[in-house]
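Read off the chains here:
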Amino acid sequence: MLPFFFLHYDKIVQRYIIYDDASTDNSQEILRLNPKVELRPMPPYSDPESRIRSALALQETCWRESRGIADWVIITDIDEHLYHPDMYGYLAQCRAQGVTIIPALGYQMLSEHFPEHKTLLCQSLTRGACDLVYSKLGIFSPNEIDAVNYTQGRHSAAPKGRVVLPARDELLLLHYHYLGFERVRKRNAQFVTRQRKNDIAMGWGSEYSLSSKQLREVWNLIASRLVDISQPDLRPWETHGGPRWWRPPYLLRYWESDETPPWYSLPSMRRRRSIPVVLHSLISRVLKPCLPERLLKLLRKFKAPAPSSTEARVQGRIRRRLEVQSKGKASHEFSYEDALSLLDRLGIDPSQSREGSMPLASLQFMQSHFDRLDTSRPIIALHVGNFLGVSLAYLVHTLRRLHPDSRVVSIDPNLTHRGIPRTMETVLVLLNYFGLEDRVAILTGYSLEKNVSNQGEIFAGYDPVANWENERSCTHQLDLLNALARGVFDLCLMDGNHDGDYLQRELDRVRQLLRPGGLLVLDDVSTAWPEIQWFFNSISPDQFQKLSTDDRIGLLVRS
């Protein structure tokens, strides 16, 4: 594999540091022929009983010597090829955009025959199957990252430092392991002999123990799911399935979902996840020949619980993880800049988060008129249209400072907006991060009847008109509020639907919700939205008195 490795990486790599783990073939001779290579012996195992843990300890520290020297550092295995159609240009673009980590989407590449040497595999062997387990963080900036915090096998990470993701996932990790069936079978047999005690106990590298029949099952299933990664219309950021540990919701790791590649779930190689499953395996393979039937029947009663749906399991793990994270965790003081920075770390496209959120200057302009509010009692506010939660968090934080018992009710249908799916989950992350989650009641629904999201515009390939039937949420939330809390709100910030007729009907309901003298804030009162600007200028003084505008938001007072 070494000739393929160098042919692939030589275009972008100026220096290789390769750790040789007591190889017995001619690998060292090949390595010394490349002038860019610095060959080092593998350090003594930090865990003598685990080759995997020892490698992990090295991977956590070896890259630090590249600080101040390299723009990017790559941590990889010889059969892992990081790929982009314009790799050099893509890295330059990421660096210019301030990106510091670039996780790659995994593909298991497969070929019945071992390829000829002197070929670029990403051009000559381009068929692979999506593999969530091999979606790894292989390349990052050593000057911006303080720690990578890999898990075993580098299958996920929890990087620390200035962590900025690219707006979308374009980088691929092509795993060239399944090259020639007989070759792979023989190599697996060699790998098994190198496994240490703790590796075997933890099940790490268990794929090396597959029988020929099991390996063929895996092989055939991968072959049935192959796609051509060289196709210009591949769009892997959209088509590579399953949750990604570096993206919301809540940065799932691969083992926290049940959406691992299907070849890890074949009947003949299912992983042992519980005591009942281990017992079942022992019964069928070891105990059956030597135990009486009565005892075998007793042991068989220990059955693994029937799994619930994938979605329920994933959501359950999310909830448990959030509960653990929230215990004893101090919240952060809110600031507008920190909120945007958090969205960057969550992998939200910075152009969308900034363009779609109310600017700080307008929020401060709004706040400058809060002296009209009665701060002798808790302030009750309504916020319509959350997007990612920046203006909502700003409003909650500001009102809490005016009176510690202030509360905000928000309304949002939680649809795909500006190409970002399930925006409510990001809103919740933001609120929890700043300790504002106990000051907000969120109504998930449309303010009135169902309407087309994004005003019908297509963002990131998402067509709201085509997906109309699939967008579901509650409706008529303003009517619901009027039945429960008419005339109790001191303030309402409107940043939802931008259709003039829809907005007029919204304000008819909002006026009933506001106290006399209550403050109304309309966003997008600008030339970019002439319908909203016209509506603001023509609003009847019998309903609202115009107070002021900064050419982005308009302030009114309920008559």
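Thresholds applied
- Residues numbered from 1 in each chain as written.
- Predicted model: local features only at pLDDT ≥ 70, side-chain atom pairs only at ≥ 80, totals over all residues.
- Heavy atoms only, no water.
- Core = buried A, V, L, I, M, F, W, Y, C linked by side-chain atoms within 4.5 Å.
- Buried < 20%, exposed > 50% of the residue type's maximum accessible area, 1.4 Å probe, protein only.
- Helix = DSSP H or I, 4+ residues; strand = E, 2+ residues; numbered from the N terminus.
- Contact = heavy atoms within 4.5 Å.
- Pairing = 2+ DSSP bridges.
- Axes fitted to C-alpha atoms, helices over the stretch in contact; angles between N-to-C directions.

## Observations concerning the nonpolar core
Within soluble globular proteins, side chains that are nonpolar generally end up buried alongside one another. With 41 residues, the main nonpolar core has Met366, Phe370, Leu395, Leu399, Leu430 and Leu491 as its most contacted residues. Contributing elements (two or more residues each) for this core: α13 (336-345), α15 (360-367), α16 (390-402), α17 (423-433), β16 (489-494), β17 (514-522) and β19 (554-558). The dominant element in this core, judged by the number of residues it contributes, is α16, at 7 residues. Those residues in contact with leucine 395 that sit more than four places away from it in its chain are Met366, Phe370, Ala381, His383, Val408 and Leu491. If you look at the next biggest cluster of nonpolar residues, it comprises 35 residues, including Leu56, Met109, Phe140 and Trp246.

## Some words on the sheet that holds β17
Spatially, β15-β14-β13-β16-β17-β19-β18 is the arrangement adopted by the 7 strands of the open sheet, whose pairing is mixed. Two strands lie at the open edges of the sheet, namely β15 (440-444) and β18 (544-549), each paired on one side alone. Strand-to-strand twist across the sheet, computed as the mean angle between neighbouring axes with direction ignored, equals 20°. Where β17 lies against β19, 4 bridges are found, and the strand directions are antiparallel. Following the sheet pairing, leucine 519 is matched in β19 by valine 557. Lying over the sheet, α17 contacts β14 (407-412) and β15, oriented at roughly 175° with respect to β15. Against the sheet, helix α18 (residues 477-485) engages β13 (380-384), β14, β15 and β16, with an angle of about 150° to β14.

## Re α13
Within α13, the full set of buried residues consists of Tyr336, Ala339, Leu340, Leu342, Leu343 and Asp344. Tucked inside the fold, the buried residues of α13 contact α14 (350-356), α15, α16 and α17. Trailing α13 by a residue or two, glycine 347 shows a phi angle of about 90°, which is positive.

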